[in-house]
Amino acid sequence: MFVSVVIPTYNRRPILEKCLDALERQRVAGPLDQYEVVVVDDGSTDGTPAWLRGHVDRFPHVRLVEQQHGGPAEGRNRGVDHAKGDVIVFIDSDLVVTESFLACHAKALQRSWDQRGNRLCFTYGAVVNTANFEDPTSERHKLRDLSWAYFATGNVAIDRGVLERSGLFDCSFRLYGWEDLELGERLRRMGVGLIKCPEAVGYHWHPALTLDQIPNLIRVEGERARMGLVFFRKHPTRRVRFIIQFTWLHRLLWEVLTLGGLVNQHSLRPTLRWLIHNGYPGTAMELLRLPLNRIGVRTLFQVAEAEGLH
């Protein structure tokens, strides 16, 4: 099995370095014969392409592909176009994996192919969230790391032929969110099964919450809402409504939990500051999710109303 790891990246050079170091340490075993890493730089302005070109000896498995800034969907498609492998593994550039990561995906895929008699499946590895930049793989697995998403591209492996028959990613998803789950809907309709592979562990690094991140987090919620409607237009089903929170139940839920907006990013600021100062940025982030969800759902309904969606 020849595995191509496809990684879109945009202005993440420091954590990308840890990501690529981990991929260079992969143990080739079992069905895994060889692998490559296709890094698609999405128009970074932090010097990522020049840095990679200057370290070709350090990263012998890496091939660099460049594009103008077009988003992760376009980047992943371009990476698949340039890939040589018969299996595609998608991870994000802020994921640091264990040494058995690719071998575990390969073993689980081969076992499922043999059992099913076809390749209509993909493996979904475990993702552990961490704010520990120096030693991300030291983080323990937490309850909030569990995900019920179908085909979340932070850690999946799939046969290239099956992926190409699905039509790849929709490049109309140019902002943040949903391009992977939308592809998942098409894979589901093809009868492609999800095979959990908890042995293929990746540690997803993101910086601990600080107050100056809040404006960007609000911006991301707005982008997610707009892309959620792109998702819904393509798949106007009850399941997708619930996935993107485009229901009156979700609107009522976040209004109640935020007391009609009284609990917001401004009123929470002193509490958030205290939590962060005392070493609880994770708790602060969970608390901030209350107004962030309200903002996202309200934006979703506002944009849908303006566009005549119901």
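In short, a report on the structure. (Residues numbered from 1 in each chain as written. Predicted model: local features only at pLDDT ≥ 70, side-chain atom pairs only at ≥ 80, totals over all residues. Heavy atoms only, no water.)

Here we take up the pattern of salt bridges. What the rule picks out here adds up to 24 salt bridges. A salt bridge links Asp21 to Arg58; the shortest N-O distance between them is 2.8 Å. Taken as a pair, Asp21 in helix α1 (residues 13–24) and Arg58 in the loop between α2 (48–53) and β3 (62–67) lie far apart in primary sequence, 37 residues in all. Judged by its relative accessible area of 21%, Asp21 is partly exposed. Among the charged side chains, a salt-bridge network with shared partners connects Arg13, Glu17, Asp21 and Arg58. (Salt bridge = Lys/Arg side-chain N within 4 Å of Asp/Glu carboxyl O. Helix = DSSP H or I, 4+ residues; strand = E, 2+ residues; numbered from the N terminus. Buried < 20%, exposed > 50% of the residue type's maximum accessible area, 1.4 Å probe, protein only.)

Tracing the backbone through its elements, the reader meets Ala83 in the loop between α3 (72–82) and β4 (87–91). Classification of Ala83 by relative accessible area gives buried; the value is 8%. The sequence separation of Ala83 and Asp180 amounts to 97 residues, and the corresponding C-alpha distance is 19 Å.

Positive phi values are uncommon outside glycine, yet Leu168 reaches one of about 60 degrees. Mapped onto the elements of the fold, Leu168 is located in the loop between α5 (160–166) and α6 (179–189). For Leu168, a relative accessible area of 13% corresponds to the buried category. Located in the positive-phi region is Gln245, a residue other than glycine, with phi close to 70 degrees. By secondary structure assignment, the location of Gln245 is in the loop between α8 (238–244) and α9 (248–257).

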